[in-house]
Amino acid sequence: MRRAALMLLALCAAARALQLPRRHARAKRARTTALRGGAKPLASLGAAIGASPASLFNAVFGGLAGTAVVAKVASAPPGGDDAAESSAAAAAVRRRFLPVFWLLRMADWLQGPYFYEVYSSKVFGGKAASMDLVSQLFLAGFLSTALFGPYVGRLADKRGRKLGTLAFAVLYGAAALTTKSSLLWVLFAGRVLSGVGTSLLFSAPEAWLVGDATKNDCGASLGGVFGAAYAGDAIVAIVAGQLASLAAAARGPTGPFELSVGFLGLGALAASLLWTENVAASADGSQGAPTIREAFDVACADRKILLVGAAQALFEGAMYIFVLQWPPAMSRAVGAAFGEGAKVPFGTIFSSFMVCCLLGSTAFQRLSAAAVRTESSTLGMLALATAAMGTAAATAGRGVAGATLASFVAAFFAFELCVGMYFPSIGTLRSKYIPDSHRSVIMNLFGIPLNAIVVGCFLSIKKLGVSGALSVATAALGLATLAAAELARMTKPKAEAVAA
């Protein structure tokens, strides 16, 4: 939820603060008029597409969706199954994991679009909740994740990853129900529960998957499972946005949260029926949970684990900064292109982002099927993400006059394609290098610097501005690229190293 919720906070801030000079609108209208010359059919089509931001981004979404369909069809193997998933055991792991994962992700995505509205609708002391208060509630979730993540990760490793997944459903459901309260302490308690639940969502299911695949001797299939999981997740996000709108229309801003409880229940039921429990095995083969200090020592002792963790924290920190900054950046660019007061179709842009994510996860699946090492493909993806974010930062730094819509659209869509490729990539790398005995704890330890980056940037956003924040994200991505480059160098097969 945090990605969509942060996006909504940014949208609300952009809507309140944006003011664009009229002279840029007049200049853009003149350029648009000049571009509409030429052949009449093409001119008519161009005029229709460029008539408004909505028509422009509807056309972009349609083109992206068509490209995604073609890419998925082209990447599908003739027999319908990837070579890495040809065994019955691997196919069974996929069937057990994906339904649970998608149901829980649906519950998470449902809450994000109405995060701001559900809290801003509350009244305290006769006054509506302020933007600052909503931001404090949002940050409470991030701080809860950072503080409690390693502890709940340890419990998941000790008591079981299936139990940890069920605990996520309970905690997240309870947090969703607190949105019906008008008591401030209840709302903050809900955000704390949500933060703890988020820690479990991003560690327990993945740890269960890796443990189950290892137990069934089909670890080679994990890349394909992660690729399918996050390709489906992009589609789930688009559907969740539509369902959230329907629920909000029927039940008000708490409607999507109520609906998410239903999906959490379905996900918990599916996990109960489909999953068998697995727990962390200690390094010496006995059953038991590591301490947080032991997990920390294990991570520090293995440079590959540290490099994977650095790439994770830096990329995801940049991703959340991007989520905070793309709405005001896009608003300024749309205003410069279409005139002051032009309405930005944020919903269509978000859907376009999700299609880009689908393209990215499809690219990961294609590269995995072609036996491209995940370390190498991740390095290329991070380099592209750095270039895309750097382009966005440079464009924003030139101010409104230089903030061309085409530059932002190309940079932002390229970055979202990298996001779609990132999640299956990092999941695969974690499955290779983080030992099962410490998996959930180490994954949550990596969340501490991630949350520190996001909270620090969030608190400094007025000083940084759009350009400064995107520059911070670019720097983080550059460091993540360096970490990935070192990981690729360290793990290069001997034959490749000799040839080089």
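Residues numbered from 1 in each chain as written. Predicted model: local features only at pLDDT ≥ 70, side-chain atom pairs only at ≥ 80, totals over all residues. Heavy atoms only, no water.

Observations concerning the overall build of the protein
Put simply, the rule reads: Secondary structure is summarised from DSSP: a helix means a run of H or I of at least four residues, a strand means a run of E of at least two, and numbering begins at the N terminus for each. Using a 1.4 Å probe on the protein chains alone, a residue whose accessible area is under 20% of its type maximum counts as buried, one over 50% counts as exposed, and one in between counts as partly exposed. Contacts are residue-level and defined by heavy atoms, with any inter-residue pair within 4.5 Å sufficient. All accessibility values rest on the Shrake-Rupley procedure with a 1.4 Å probe; residue burial counts only the protein chains present in the view.
When helices and strands are tallied, the protein shows 21 helices and two strands. Looking at the protein residue by residue over its 500 residues, the buried ones come to 54%. Restricting the contact set of the protein to residue pairs at least 6 apart, pairs at least 24 apart contribute 86%. Surface summary for the protein: the accessible area is close to 20300 Å², and the carbon and sulfur share equals 65%.

A closer look at a nonpolar patch on the surface
How we decide: In this analysis, a patch consists of residues with relative accessible area above 30% that form no salt bridge, clustered at 9 Å for like charges and at 5 Å for the nonpolar side chains Val, Leu, Ile, Met, Phe, Trp and Tyr. What makes a salt bridge here is a side-chain nitrogen of Lys or Arg within 4 Å of a carboxyl oxygen of Asp or Glu, nothing more.
Taken together, Leu143, Leu147, Phe148 and Val192 make up a surface patch of nonpolar side chains, about 350 Å² in accessible area. It is helix H7 (residues 131–159) that contributes the most residues to the nonpolar patch, three residues altogether. We classify Val192 as partly exposed; its relative accessible area is 33%.

Description of the pattern of salt bridges
If you walk through the whole model with that rule in mind, you get 16 salt bridges. The residue Asp157 makes a salt bridge to Arg161 at a minimum N-O spacing of 2.9 Å. Side by side, Asp157 and Arg161 carry an identical accessibility label, which is buried. One network of salt bridges, in which partners are shared, links Asp157, Arg161, Asp436 and Arg439.

Here we look at the environment of Ser135
Within the secondary structure, Ser135 is located in helix H7. Sequence-wise, Ser135 and Tyr116 are 19 residues apart; in three dimensions their C-alpha atoms are separated by 8.7 Å.

A few points about the packing of aromatic side chains
Just so we agree on the cut-off: Classification of ring pairs rests on two measures: the distance between centres of Phe, Tyr or Trp rings, Trp counted by its six-membered ring, which must be within 6.5 Å, and the angle between planes, read as stacked under 30 degrees, edge-to-face over 60 and tilted in between.
Per the counting criterion, the structure on display carries 19 aromatic pairs. Ring centres 6.3 Å apart and planes at 10° place the aromatic pair Phe97 and Trp275 in the stacked group. Of this pair, Phe97 sits in helix H5 (residues 88–111) while Trp275 sits in the loop between helix H12 (255–274) and helix H13 (292–301), placing them 178 residues apart in sequence. Accessibility expressed as a relative area gives 2% for Phe97, which makes it buried.

A word on unusual backbone geometry
One non-glycine residue, Asp217, lies in the positive phi region at around 55°. You can call Asp217 exposed: its relative accessible area is 72%. Notably, Ala371 is not glycine yet its phi reads approximately 65°, a positive angle. Topologically, Ala371 is positioned in the loop between helix H15 (346–369) and helix H16 (374–397).

Details of the confidence of the model for the protein
Defined as follows: Within a predicted model, pLDDT stands for the predictor's per-residue confidence, ranging from 0 to 100.
Model confidence for the protein is summarised by a mean pLDDT of 83, while 83% of its residues fall at 70 or above. Taken element by element, the protein is modelled with least confidence in helix H2 (residues 22–35), mean pLDDT 44, and with most confidence in H12, mean pLDDT 96. Every residue in residues 16–38 scores below 50 in pLDDT, and together they form 27 contacts with partners more than four places removed in sequence or on other chains. This model gives residues 80–85 a pLDDT under 50, and the stretch forms 11 contacts once residues within four places in sequence are excluded.

Quick notes on the environment of Ala336
Mapped onto the elements, Ala336 comes out in helix H14 (residues 303–338). Taking relative accessible area as the criterion, Ala336 reaches 10% and is therefore assigned buried.

Concerning the packing of H14 against H15
The cut-off we apply is this: Lines fitted to C-alpha atoms define the axes, with helix axes restricted to the stretch in contact, and inter-axis angles between N-to-C directions lie between 0 and 180 degrees. Roughly parallel refers to an angle under 35 degrees, roughly antiparallel to one over 145, roughly perpendicular to one between 65 and 115, and oblique to any angle outside these ranges. For any helix crossing, the convention is left-handed if the near helix is rotated counterclockwise from the far helix by under a right angle, and right-handed if that rotation is clockwise. Residues are grouped as follows: Ala, Val, Leu, Ile, Met, Phe, Trp, Tyr, Cys and Pro are nonpolar; Asp, Glu, Lys and Arg are charged; every other residue, Gly included, is polar.
For the pair H14 and H15, interaxial distance at closest approach is 12 Å and the crossing angle is 130°. By the criterion of interaxial angle, the relationship of H14 to H15 is oblique. Once H14 is placed against H15, the crossing between them reads as right-handed. On H15, the residues touching Phe322, Trp326, Pro327, Met330 and Ser331 of H14 are Phe346, Ile349 and Phe353. Class assignment of the residues belonging to the contact of H14 with H15 gives a composition of seven nonpolar, one polar and no charged.

A word on the packing of H14 against helix H17 (residues 405–433)
Interhelical geometry of H14 versus H17 gives an angle of 160° and a closest axis separation of 10 Å. Viewed along their axes, H14 and H17 adopt a mutual orientation that is roughly antiparallel. The two elements H14 and H17 cross, and the hand of that crossing is left-handed. Classifying every residue of the contact of H14 with H17 gives 24 nonpolar, one polar and four charged.

Description of the side chain of Arg161
Heads up, the condition is: Under this definition, polar contacts are N or O atom pairs within 3.5 Å; protein pairs additionally need one hydrogen-donor-capable and one acceptor-capable atom, and for neighbouring residues in sequence, both atoms have to be side-chain atoms.
Relative to the helices and strands, Arg161 resides in helix H8 (residues 161–177). Of the polar contacts made by the side chain of Arg161, one reaches the backbone oxygen of Ala207; its length is 3.4 Å. In terms of polar contacts, Arg161 uses its side chain to reach the side chain of Asn278, at 3.1 Å. Beyond its immediate chain neighbours, meaning those up to four positions away, Arg161 contacts Ala156, Ala204, Ala207, Trp208, Glu277, Asn278, Val279, Ala280, Asp436, Arg439 and Ser440.

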